[in-house]
Amino acid sequence: MSKTIELGVQGMTCASCVGRVERGLRKVEGVHDASVNLATERATVTFDPALTSPQALLAKVKDVGYEPVVSSLELGVQGMTCASCVSRVERALKKVDGVLDAGVNLATERATVTYLPSNVSAGQLKAAIKNSGYEVLEQQVGASREDQERLAREHEVTSLRNSVMFSAVFAVPLMLIAMVPMLIPSIETRLMNTYGHEVMTTMNWIMLALAIPVQFGPGLRFYRLGYKSLAHRSPDMNSLVMIGTSAAFFYSLVATVAPDLFPAGTAHVYYEAAAVVITLILLGKYFEALAKGRSSEAMKKLLSLQAKTARVVRGGQELELPTDEVLIGDLISVRPGEKIPVDGEVLQGSSYVDESMITGEPVPVAKNAGAQVVGGTINQNGALQFRATRIGADTALAQIIRLVETAQGSKPPIQGLADKVVSLFVPAVLVIAALTFLTWMLFGGQTALTFAVINTVAVLIIACPCAMGLATPTSIMVGTGKAAELGVLFRNGTALESLQGLNVIAMDKTGTLTKGKPELTDLITTENFDRVTVLKLVAAAENQSEHPIARAIVDAAKADGIAILQPGDFEAVPGFGLEARVEGHLVQVGADRYMRQLKVDLSRFADQAAQLGDEGKSPLYAAIDGRLAAIIAVADPIKEGSLEAVRALHQQGLRVAMITGDHARTARAIARQLGIDDVLAEVLPSGKSDAVKELQGKGHKVGFVGDGINDAPALAQADVGLAIGTGTDVAVETADVILMSGDLRGVPNAFALSRATLRNIKMNLVWAFGYNILLIPVAAGVLYPAFGWLLSPVLAAAAMGFSSVFVLTNALRLRNFQPPVRLDAAPVQTPASAHA
């Protein structure tokens with residue numbers, strides 16, 4: 001059967017564009033016809049879905065040079081309880097024509113849909129969710145998403161708490177009536193001797209009266225959701241509870257109303273099993289709801305950082321406006337202690353700003369005119385006025401929130417197997433339950449029906465797959481939230497899982513391991529000169545040059561408070577150095593060959609020159625009035641934290657490689673100081689990706705750390721790309737992991753957190769699947785022939801609830817993750833920094 005869809009196509013300008021798109025689409029195998037309308041910018045394609053897919057058509061549009069129109073939408077979904085619910089919603093969305101992909105996250109209770117807006121509307125997607133038996137959290141006018149989700153969560157917690165309390169009022173006395181005679185046989189004997197069998201009949205009717213409010217009150221939610229899932233042929237946890245408790249309840253009802261239908265002495269009732277099972281499952285759901293709220297705390301912290309209002313200066317007046325009314329270019333005033341509402345550039349004032357929730361670094365950052373400020377950070381002790389440069393969704397905080405949400409809603413590869421198992425799990429449980437019933441009916445003797453019902457109920461209850469559905473998304477949610485607190489952003493769940501599988505971390509040198517800006521590192525004078533005088537004269541001579549080395553010397557003099565003088569008779573000597581007259585002195589600065597040309601003896605600094613060479617620095621010399629005055633070295637210094645980062649990576653079992661365009665001698669010197677294992681030097685920027693490929697060719701899983709812009713090809717080639725950036729540059733498209741501060745210590749922290757999260761996920765999955773694999777046979781009664789052990793449905797419900805709570809509690813342990821390297825720790829000095 002053929003299918004027709006419409007694709008939005010952007011970038012077409014004329015009839016030849018139309019023809020190009022049509023020809024490209026018609027070449028795709030399985031396409032019967034394609035016509036393109038330039039005015040509407042749409043392509044109508046008829047194709048055979050067995051031979052091609054909408055994704056292939058979109059790829060072809062892109063391939064011929066145009067941009068297909070694709071939209072993404074996030075919808076809140078209420079009513080999901082287990083992994084089967086997730087699969088059901090995903091299947092319902094993917095069946096809608098025009099939907100390219102759909103992913104549902106149980107922990108965040110959100111569905112993310114990628115679709116063709118020309119084929120399907122948001123209303124159709126919402127309808128698909130509702131038709132599958134779940135509710136869509138509609139956006140209310142004037143309410144922020146944060147407030148709306150908080151209210152929905154509070155409503156869920158309150159509703160579950162009320163349901164548990166209501167159920168317990170009836171279930172507890174029901175349990176006592178059923179269990180006390182069994183636990184204290186003398187009470188049952190006395191009642192039988194005094195009142196005869198009539199007392200048992202009366203107690204059955206009393207228990208029926210207590211069970212009805214539970215079964216058809218709070219228990220009605222399982223009927224409503226369970227019936228819908230059965231009607232859609234995708235049974236879930238609610239279906240299992242509905243079938244299990246109904247079996248116990250209606251079996252007991254028949255035994256109460258028509259006991260003569262059963263063999264003498266076998267008309268037992270199990271009202272307490274049905275009522276207590278419902279109560280315990282609701283209690284487990286209540287604990288789940290509380291734990292889910294705690295698991296999203298990091299996200300709440302990020303959302304709460306967003307300022308509600310801004311003090312905008314317009315027409316000479318300060319107006320307090322909602323943040324979403326701020327325009328680019330607006331002047332904004334911020335007082336001490338206030339939140340900075342949007343991103344901007346400081347125009348006047350000075351202060352220190354706490355940027356810890358953006359960069360992960362606890363030390364406040366000085367801000368003066370020209371500095372960049374980030375929305376959501378806290379102005380500490382001075383008044384600032386700045387110009388808004390990014391607003392709304394473009395601010396750094398909004399980008400961070402979007403990245404964290406994307407990561408929390410994504411599925412890592414490890415969940416793929418779990419999803420496949422879960423899709424078959426509930427139908428398999430129903431088959432096992434049916435086999436349990438038949439086996440007990442065939443071999444159970446006089447009490448066959450009783451045993452068949454109770455063990456079948458136990459199987460259905462113990463097998464509820466709630467824990468399976470929560471195992472991965474909850475850990476991802478807590479792990480990515482904790483990462484955001486530490487200044488690490490994972491683009492998706494795949495990046496989080498892939499990072500822990502690396503065995504080599506390759507790093508760019510300039511700007512990553514080093515500061516990326518030359519600095520004066522050494523200035524050693526002879527006994528006849530002092531440092532201040534030499535630096536003043538040399539800086540004045542170098543002030544006429546734009547060379548990076550000259551700039552570094554001038555900047556060092558300014559940092560020491562030395563006034564920069566204007567030189568006279570300045571002359572550059574190409575390939576050698578320069579000379580100038582400063583305050584009547586002849587100042588000559590250059591390499592060793594220049595000094596030899598000037599007949600200046602350098603033997604005085606032979607040892608120092610050798611040491612600087614070993615450190616990868618090229619020494620310069622200064623002569624004043626023809627006499628040797630000083631040896632000088634300018635180098636790109638190693639960043640604070642680089643040494644601790646490399647050491648921490650080694651401690652985690654990783655090899656560290658450095659890829660740089662620098663001369664091999666300089667690169668090896670840096671590598672010696674930092675303890676780097678492999679050096680790939682003299683690599684052109686265009687060759688960095690080939691260098692990564694070379695490491696991968698040796699069988700390594702490689703992560704590449706760079707600045708995210710110059711290193712884009714290498715970041716894309718690596719198994720995982722890690723971009724070193726700042727809080728205002730988080731949207732590095734080629735990176736899988738973004739370190740918001742420029743501190744390299746974030747790399748081992750990200751790696752350790754990735755390992756901890758994957759360990760947590762595996763522990764959850766082992767528990768969730770192992771629990772079912774071990775206890776389903778016990779619930780079916782396989783231990784009864786050998787040991788006489790049966791699993792009560794009540795204990796099955798308690799165990800099922802405990803399983804879900806265990807998974808959530810285990811995931812919440814990630815909130816206590818301690819990074820191996822603290823960003824506020826004092827840096828360890830490298831030999832070079834100690835020498836300087």
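What you see is a predicted model, and the numbers here were worked out from it, not measured in a lab.

Enquirer: Give me the lowdown on the overall build of the protein chain, citing residues and values where you can.
Expert: Counting secondary structure elements, the protein chain contains 30 helices and 30 strands. For the protein chain, buried positions account for 51% of its 836 residues. Contacts in the protein chain between residues at least 24 apart in sequence constitute 69% of all its contacts with a sequence separation of at least 6. Accessible area for the protein chain stands at about 36500 Å²; split by element, carbon and sulfur atoms hold 57% of it.

Enquirer: For the packing of helix α15 (residues 448-462) against helix α27 (residues 746-780), give the residues involved together with the corresponding values.
Expert: Where α15 meets α27, the axes come as close as 8 Å, and the angle between the chain directions of the two elements is 170°. It follows that α15 is roughly antiparallel to α27 by the angle criterion. In this structure, α15 contributes N455, A458, V459 and I462 to the contact, and α27 contributes Y771, N772, L775, I776, A779 and A780. In the contact of α15 with α27, the residues fall into eight nonpolar, two polar and no charged.

Enquirer: Can you break down the packing of helix α3 (residues 83-94) against helix α4 (residues 122-131) residue by residue, with the values?
Expert: Helix packing for two helices is described by the angle between their axes and how far apart those axes are. Taken N-terminus to C-terminus, the directions of α3 and α4 make an angle of 140°; their axes are 9 Å apart at the nearest point. Judged by the angle between their axes, α3 and α4 are oblique. Considering how the two elements wind past one another, α3 and α4 form a crossing that is right-handed. Side by side, α3 and α4 meet where V89, A92 and L93 of the first sit next to L125, A128 and I129 of the second. In the contact of α3 with α4, the residues fall into six nonpolar, no polar and no charged.

Enquirer: Which residues make up the pattern of salt bridges, and what are the values?
Expert: Here the structure, examined in full by the defined rule, presents 20 salt bridges. E345 serves as the salt-bridge partner of R387, at 3.2 Å between the closest nitrogen and oxygen. Of this pair, R387 sits in strand β17 (residues 384-390) while E345 sits in strand β12 (residues 343-349), and the two are 42 residues apart along the sequence. With relative accessibility at 31%, the residue R387 sits in the partly exposed group. Given a relative accessible area of 25%, E345 falls into the partly exposed group. Across the pair D508 and K688 runs a salt bridge, and its minimum N-O distance is 2.7 Å. Of this pair, D508 sits in strand β19 (residues 504-508) while K688 is found in helix α25 (residues 688-697), placing the two residues 180 residues apart along the sequence. We note that D508, like K688, is buried. Here the salt bridges do not stand alone but share partners, grouping R311, E318, R335 and E338 into one network.

Enquirer: So what's going on with the sheet that holds strand β25 (residues 627-635)? Which residues, and what values?
Expert: Within the open sheet, the six strands sit side by side as β20-β25-β24-β23-β22-β21. Their pairing is antiparallel. Pairing within the sheet leaves two strands with one partner each, and these edge strands are β20 (519-525) and β21 (568-573). This sheet shows a mean twist of 20° between the axes of neighbouring strands, independent of strand direction. Examined bridge by bridge, β20 and β25 share six bridges and lie antiparallel to one another. Following the sheet pairing, L520 is matched in β25 by V634.

Enquirer: Can you lay out the pairing of strand β3 (residues 42-47) for me, pointing to particular residues and giving the numbers?
Expert: Bridging between strand β1 (residues 3-10) and β3 involves six bridges; their strand directions are antiparallel. For K3, the partnering residue across the bridge sits in β3 and is F47. Strand direction decides the pairing type here: strand β2 (residues 31-37) and β3, joined by six bridges, are antiparallel. Following the sheet pairing, S35 is matched in β3 by T44.

Enquirer: Account for the UniProt feature "transmembrane region" (unreviewed entry) in the protein chain, with residues named and values stated.
Expert: Under the feature "transmembrane region" (unreviewed entry), the UniProt entry names residues 163-184, 204-225, 237-258, 270-291, 421-443, 449-472, 765-784 and 790-812. The distance separating the terminal C-alpha atoms of residues 765-784 is 28 Å; by composition the span is 85% helix and 0% strand. The distance separating the terminal C-alpha atoms of residues 790-812 is 33 Å; by composition the span is 87% helix and 0% strand.

Enquirer: Describe unusual backbone geometry, with residues and values.
Expert: One non-glycine residue, D569, lies in the positive phi region at around 55°. Residue position: D569 is located in strand β21. Among the residues examined, D569 registers a relative accessible area of 62% and is labelled exposed. The phi dihedral of K599 is positive, around 65°, even though this residue is not glycine.

Enquirer: Could you give an account of helix α24 (residues 664-674), with specific residues and numbers?
Expert: Residues A664, A667, A669, I670, A671, Q673 and L674 constitute the buried set of α24. Count one or two residues on from α24 and you reach G675, which has phi positive near 75°.

Enquirer: Which residues make up the environment of G481, and what values do they have?
Expert: Structurally, the position occupied by G481 is in helix α16 (residues 466-485). For G481 and R815, which are 334 residues apart along the polypeptide, the C-alpha to C-alpha distance reads 8.4 Å.

Enquirer: An account of the sheet that holds strand β11 (residues 331-334) is requested, with residue identities and associated values reported.
Expert: In sheet architecture, strand pairing relies on hydrogen bonds along the backbone and comes in two forms, parallel and antiparallel. Pairing is antiparallel across the open sheet formed by six strands, whose spatial order is β10-β9-β11-β17-β12-β15. Two strands close off the open sheet at either side, each with one partner strand: β10 (317-322) and β15 (372-373). Pairing of β12 with β17, which is carried by six bridges, proceeds in the antiparallel orientation. Across the sheet, residue G349 finds its bridge partner in β17, namely L384.

Enquirer: Please give an account of the packing of aromatic side chains that cites residues and values.
Expert: Across all of its chains, the model carries twelve aromatic pairs by this definition. Centre to centre, the rings of W440 and F451 are 5.2 Å apart; their planes meet at 40°, and the pair counts as tilted. Residue W440 is located in helix α14 (residues 414-443), and its partner F451 is located in helix α15; the two are separated by eleven residues in the primary sequence. Since its relative accessible area comes to 10%, W440 is described here as buried. Judged by relative accessible area, F451 falls into the partly exposed class, the value being 21%. Ring centres 4.9 Å apart and planes at 25° place the aromatic pair F787 and W789 in the stacked group. We classify W789 as exposed; its relative accessible area is 53%. Members of the aromatic cluster, connected to one another through ring pairs, are F216, Y223, F249, F250 and Y271. One cation-aromatic arrangement involves R593 over F576; the distance from NZ or CZ to the ring centre is 5.8 Å.

Enquirer: Can you lay out the environment of V77 for me, pointing to particular residues and giving the numbers?
Expert: Summarising the element assignment, V77 is placed in strand β5 (residues 71-78). When its relative accessible area of 0% is taken as the criterion, V77 is described as buried. Separated by 32 residues in sequence, V77 and E109 have C-alpha atoms that sit 5.4 Å apart. Sequence-distant contacts of V77, defined by excluding residues within four places in its chain, comprise V89, E109, A111, I129, Y134 and E135.

Enquirer: Account for the pairing of β1, naming residues and giving values.
Expert: Summarising the sheet, β1 and strand β4 (residues 67-69) pair through three bridges and their orientation is antiparallel. Note that in β4 the partner of Q10 across the bridge is E67.

Definitions and limits used
Residues numbered from 1 in each chain as written. Predicted model: local features only at pLDDT ≥ 70, side-chain atom pairs only at ≥ 80, totals over all residues. Heavy atoms only, no water. Helix = DSSP H or I, 4+ residues; strand = E, 2+ residues; numbered from the N terminus. Buried < 20%, exposed > 50% of the residue type's maximum accessible area, 1.4 Å probe, protein only. Contact = heavy atoms within 4.5 Å. Areas by Shrake-Rupley, 256 points an atom, 1.4 Å probe, with all protein chains shown as cover. Axes fitted to C-alpha atoms, helices over the stretch in contact; angles between N-to-C directions. Parallel < 35°, antiparallel > 145°, perpendicular 65-115°, else oblique. Nonpolar A, V, L, I, M, F, W, Y, C, P; charged D, E, K, R; others polar. Left-handed = near helix turned anticlockwise from the far one by under 90°. Salt bridge = Lys/Arg side-chain N within 4 Å of Asp/Glu carboxyl O. Pairing = 2+ DSSP bridges. UniProt positions renumbered as here; feature names shortened; annotations may be inferred. Phe/Tyr/Trp six-rings, centres within 6.5 Å; stacked < 30°, edge-to-face > 60°. Lys NZ or Arg CZ within 6 Å of the ring centre and 35° of its normal.

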